[in-house]
Protein chains: 2
Amino acid sequence: MTASEKVSTLRAEMRKRNVTCLLVPSDDCHQSEYVCDYFKSRAYISGFSGSAGTLIISLDGAWLFTDGRYYIQAERQLAGSGIELMRSGSEGVPTPEEFLVSKLQSGDTLAYDAKCVSAKFAEGLQKKLAEGVKIVGDVDFPALIWADRPDIAHGDIWQLDEKYSGKSHTDKLADVRKVLSEKKCGALVMSSLCDIAWLYNLRGSDVKNTPVFMSYCIITENSDTLYVNADTASISDAMKAEGVTLRTYNEFYDDLKQLKDISVLIDKSAVNAAIVESLSGCKIVNDANPTLLMKAKKNPVELENLLKCHVADGLAVTRLMLELKFGEREFDEMSVDKYLYSLRRECADRVGVTLLDESFGTIAAFGANAAMMHYSATPIDPDSETPEYVKLDKNAPVPMLLVDSGGQYLEGTTDITRTFVLGNISDEIKQHYTLTACGMLRLLNLVFLDGASGSSLDIVCREPLWEIGVDYRCGTGHGVGYLLSVHEGPNRFHWRTGAAKIEEGMITTDEPGVYVEGSHGIRIENELAAVKGEHNEYGQFMRFENLTFCPIDLDGIDAAYLDKSDIRKLNAYHRTVFDTLSPYLCEKDRGHLEYLCREIK
Amino acid sequence: MTASEKVSTLRAEMRKRNVTCLLVPSDDCHQSEYVCDYFKSRAYISGFSGSAGTLIISLDGAWLFTDGRYYIQAERQLAGSGIELMRSGSEGVPTPEEFLVSKLQSGDTLAYDAKCVSAKFAEGLQKKLAEGVKIVGDVDFPALIWADRPDIAHGDIWQLDEKYSGKSHTDKLADVRKVLSEKKCGALVMSSLCDIAWLYNLRGSDVKNTPVFMSYCIITENSDTLYVNADTASISDAMKAEGVTLRTYNEFYDDLKQLKDISVLIDKSAVNAAIVESLSGCKIVNDANPTLLMKAKKNPVELENLLKCHVADGLAVTRLMLELKFGEREFDEMSVDKYLYSLRRECADRVGVTLLDESFGTIAAFGANAAMMHYSATPIDPDSETPEYVKLDKNAPVPMLLVDSGGQYLEGTTDITRTFVLGNISDEIKQHYTLTACGMLRLLNLVFLDGASGSSLDIVCREPLWEIGVDYRCGTGHGVGYLLSVHEGPNRFHWRTGAAKIEEGMITTDEPGVYVEGSHGIRIENELAAVKGEHNEYGQFMRFENLTFCPIDLDGIDAAYLDKSDIRKLNAYHRTVFDTLSPYLCEKDRGHLEYLCREIK
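These figures come from a predicted structure and were not determined experimentally.

Residue and element names in this part refer to chain A. By the element assignment, R42 lies in helix 2 (residues 41-46). Buried charge without a partner: R42 forms no salt bridge, and the closest opposite charge is D27, 8.1 Å away. Within the local environment of R42, its side chain forms a polar contact with the backbone oxygen of G53, the two atoms lying 3.4 Å apart. Every residue in contact with R42, bar those within four places of it in the chain, is listed here: V24, P25, S26, G47, F48, S49, G50, S51, A52, G53, L55 and L64.

Written out as structure tokens, the structure is:
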């Protein structure tokens, strides 16, 4: 079926049930950013495969809301579907919520799967909808038309050794129970897969590139129950030893309804609406999961491991750069991706860390494709049996390759972007490239007072581009998990939404960029660990420790756009890159790296 | 009576009434920052004369809480009083609220004058106090010991012509009523003197340096009542013509109690606790006064006037600088103050604007005195009959003079600080001076996207100092009224507290500094007007228009601490200073100004 046929079939089902509007979000039952295939109904119906988007279908229209990272991709993938693209974040574009509120009148019926929207969203929407709008929350509409829908994932689960996690489940649980007692709560209910994986020191394979497993947990003063969708034979002894009761995934909602007359701590933005409905016999205390901050502030063992896997990771991207700049191979967007993964495997061995997977699908985007923030290589002719991909060409109008990639190591999760200049680029693009590097380095070198939030620090990175009237329409950076999701809260650098304090041990990316549709895309991304700096009469100063070691392509830099302090920062960064990576390179490569890390004036 | 005797006398009164703790805030009945003498009971009792501070007296102790601006001054003024200084904002120092919460047990009684604490403070405190703590809110304790207390002020009131205000009371009232209708409120009650003065286009003389008058107002859909403490003969015709009912100050609380069964819009942080108690028959809608944002966003007439009076104001400070750097006069801290005021009068005439007053007591601080942010010149020997003040001395260890001053003009309110270097200063002080100027100029030249708040922009100014481990313990800047208070909300630059968006037409100061107790103080302050910049595919960019024209003393600048872009900004600023002021100077002064504004490399 085409997208347009799927929408028509859904409309027939909507009419049968007197439904005026159907909301199909991107969420699974766990408010995950990346979901297993079972939950990809928005992509199944609309054809838009980006990680974030909301589909709304009415009886006479259909709309797909997505953010700036995906405007260009969504435009292409929705072409001919009859689904209108709503560019979230652009001036005058309503949010899905605002859209529904303005569209639905008394007597209308809105349908969504209550297990696939957050409780916060559902409550906020219900408050704002006109009186008399009915809600149907217990019908899974996509299931009605999706014949070959995959199962809910149930892959292998395994334990993460304490030499990687740095803290036992028992100790983490004690910290969690301390918070419960402070908040006078009798229970904590969590459904966020990353929080659960972190808390139990378990990892799984249910979501592509994110080693989590489908699960819920209920923790009380004297019980600790984990609900898992997979075979638990491999972990049952270990869990028993730590006092964890294992139950099946499907038993969760029934058990939930047994909770009565106690205060239950849940994060309404991180659990689905059906969970809150099941807790109707309890007092709800709505607050962040205690694990959110604990997980974000990496412990010393995690930090030490991260430093190691980042050396391997930076080495892999550097070796790709060496091949692109000095090698003979010919690449297209897809072969770059494959070659880089083989380098990651080799470099992990060379440095002595264990690579398990990529941390997300590599973005290898040449020329104008790089203007799509979350591009993934697609065949030039999608209908061809022998797919061909865009070739890297030094003589192309914009001969630049953006590569955003990362690995899942036992030693942590990485995320790195470099944009390589393979031929001549215009002065304007050089200016954009230089100011992007400038912003990245300024944030990396920032000294700040403890207590500052990501919304206060963001502008340090963004200012050089704002000064010339350019903005990237996304955050400057996001938190990164430890062998978990590559996007993790609460920390982020964003002038609008970075309310969380940047605390000691947090890992955040620093990834400014310039994206000019149809022309070029530039992104340069390092990861930063927040660490304590000087403590003096003014208070506790903080600084960042750089985790990412890979040259910034000097062929994109025009020092005329830099201040002398920026040049100092760039040269100093390149010295640490050379010093860190050169022991792992052969003499020839070391010579080339020395050139890539040369001092500029 | 000494402070210590006053505290003892108050304790006797407390014991009579079974009061365990007495709270004496700095507030008047209007939550004003500057108050008329009647309300200066905290200063009367403790001897600490700063504008902000909270006194708490228990039966066995007394504590004065004040912020970083006043640490040094309070330390001196409290010496020997038995009152302990609590440095608010320093690590480990509780807020007055936290202090009371931890101190008061069930059965204890806390007393404060409910008319002199904000409703927000009273409610927050009551929620947190232990159960069983009683509150006495209707006794004015300072009155019990203050024999020669002044009357509540009742000075002259006058109308501000529309050629200065830019908008009639009638039009402003229509805007206010529109907000009331949007918020479904039947009445607005305001007690903030600046909001009232702005709304009615009236000015008064009840508070030193701030041309407001003691007043309240109640606005409903069809009534507009102003309660005034002074003789209203001079304004009664005009008010009648605009449909305003004038009532006396004392009638306000009785009228308030007549409001019943309607929704009343009040800002609990801007009205006293007794007002909210008087409205017990109404539904309270707690939100910012609608006038707050309207007043902050200066209209085109106000902006045009402000540009004019700032030229006069900058000219006056520049002429002081010319005299200090090239003249023969000898000054002390007090005579600088007087001389500057005479220059302000002369320059107002020369430029063709009308000076009414200073906008606050001038801070003229030499050497280490400048480390006190809100210093005012005090005699070297306070007991001498012929007071002598600290002399300006080029050979002093730190020969620098900080002058922070401003004027009240019909054309607006000004606030400007310059720090003059009168002899040799150390390299460290030069570094502090240079980085202070650097931060000021970076914020002045900032381009930002519409929607950014003062907490997101602040770091642009603060970063050069943070980089060397130095911080000023206050905001980077505050809003400024129009012929009203020199401190005005909601706009401010502060990484912790600058939540308000910086919107078109807002005037905010840009005043970084370095304050090293016992050594030196540096502050350089311009005022900035937020204006629209380029509108492009990324959205609406904003920038600042500089209002303040006065050289930055190049004798404090070491270009080695500056980037080339900072040097460009400094030179460009000095060119506009020279171009703006030189037409008003004689040839000799013009030559000197040219030297002060010389280009550096």
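Continuing now.
This next bit is on the side chain of Q31 of chain A. All names here are of chain A. The residue Q31 is located in the loop between strand 1 (21-24) and helix 2 in this model. By relative accessible area, which is 17% here, Q31 ends up buried. Within the structure, Q31 has its side chain in polar contact with the side chain of D27 (distance 3.4 Å). Here Q31 is in contact with C116, V117, S118, S269, A270, V271 and N272, once residues within four sequence places are set aside.

This next bit is on the packing of aromatic side chains. Tallied over the full model, the rule gives 30 aromatic pairs over all chains. Aromatic ring contacts, followed pair by pair, group Y216, Y227, Y249, F252 and Y253 of chain A into a single cluster. Lying over the aromatic face of Y38 of chain B, R149 of chain B brings its terminal NZ or CZ to 3.8 Å of the ring centre. Sitting over the ring of W198 of chain B, K172 of chain B keeps its end group 4.0 Å from the ring centre.

Right, let's get into the sheet that holds strand 12 (residues 245-248) of chain B. Residue and element names in this part refer to chain B. A sheet is described by the order of its strands in space; here six strands give the open sequence 12-11-10-8-13-14, paired in mixed fashion. Each edge of the sheet is formed by a strand with only one pairing partner; in this case those strands are strand 12 and strand 14 (283-286). Neighbouring strand axes in the sheet, compared pairwise and without regard to direction, differ in orientation by 25° on average. Here strand 11 (residues 224-228) pairs with strand 12 via four bridges, running parallel. Within the sheet, the bridge partner assigned to L226 lies in strand 12 and is L246. Strand contacts of helix 8 (residues 169-182): strand 8 (187-190), strand 10 (215-220), strand 11 and strand 13 (263-266), with the helix running at about 60° to strand 10, the strand carrying the most contacts.

This next bit is on the sheet that holds strand 16 (residues 363-366) of chain B. All names here are of chain B. Reading across from one edge, 16-17-20 is the order of the three strands in this open sheet, with antiparallel pairing throughout. Lying at the two open borders of the sheet, with one neighbouring strand each, are strand 16 and strand 20 (416-421). The sheet shows a mean angle of 10° between the axes of neighbouring strands, taken without regard to direction. As paired elements, strand 16 and strand 17 (residues 400-405) share four bridges and run antiparallel to each other. For A364, the partnering residue across the bridge sits in strand 17 and is V403. The sheet strands contacting helix 15 (residues 333-351) are strand 16, strand 17 and strand 20, and the helix crosses strand 17 at an angle near 45°.

Reading the values: the criteria
- Residues numbered from 1 in each chain as written.
- Chains lettered and ligands numbered in written order.
- Predicted model: local features only at pLDDT ≥ 70, side-chain atom pairs only at ≥ 80, totals over all residues.
- Heavy atoms only, no water.
- Helix = DSSP H or I, 4+ residues; strand = E, 2+ residues; numbered from the N terminus.
- Buried < 20%, exposed > 50% of the residue type's maximum accessible area, 1.4 Å probe, protein only.
- Lys, Arg positive; Asp, Glu negative; His and termini not counted.
- Salt bridge = Lys/Arg side-chain N within 4 Å of Asp/Glu carboxyl O.
- Polar contact = N/O pair within 3.5 Å; in protein donor to acceptor, adjacent residues only side chain to side chain.
- Contact = heavy atoms within 4.5 Å.
- Phe/Tyr/Trp six-rings, centres within 6.5 Å; stacked < 30°, edge-to-face > 60°.
- Lys NZ or Arg CZ within 6 Å of the ring centre and 35° of its normal.
- Pairing = 2+ DSSP bridges.
- Axes fitted to C-alpha atoms, helices over the stretch in contact; angles between N-to-C directions.

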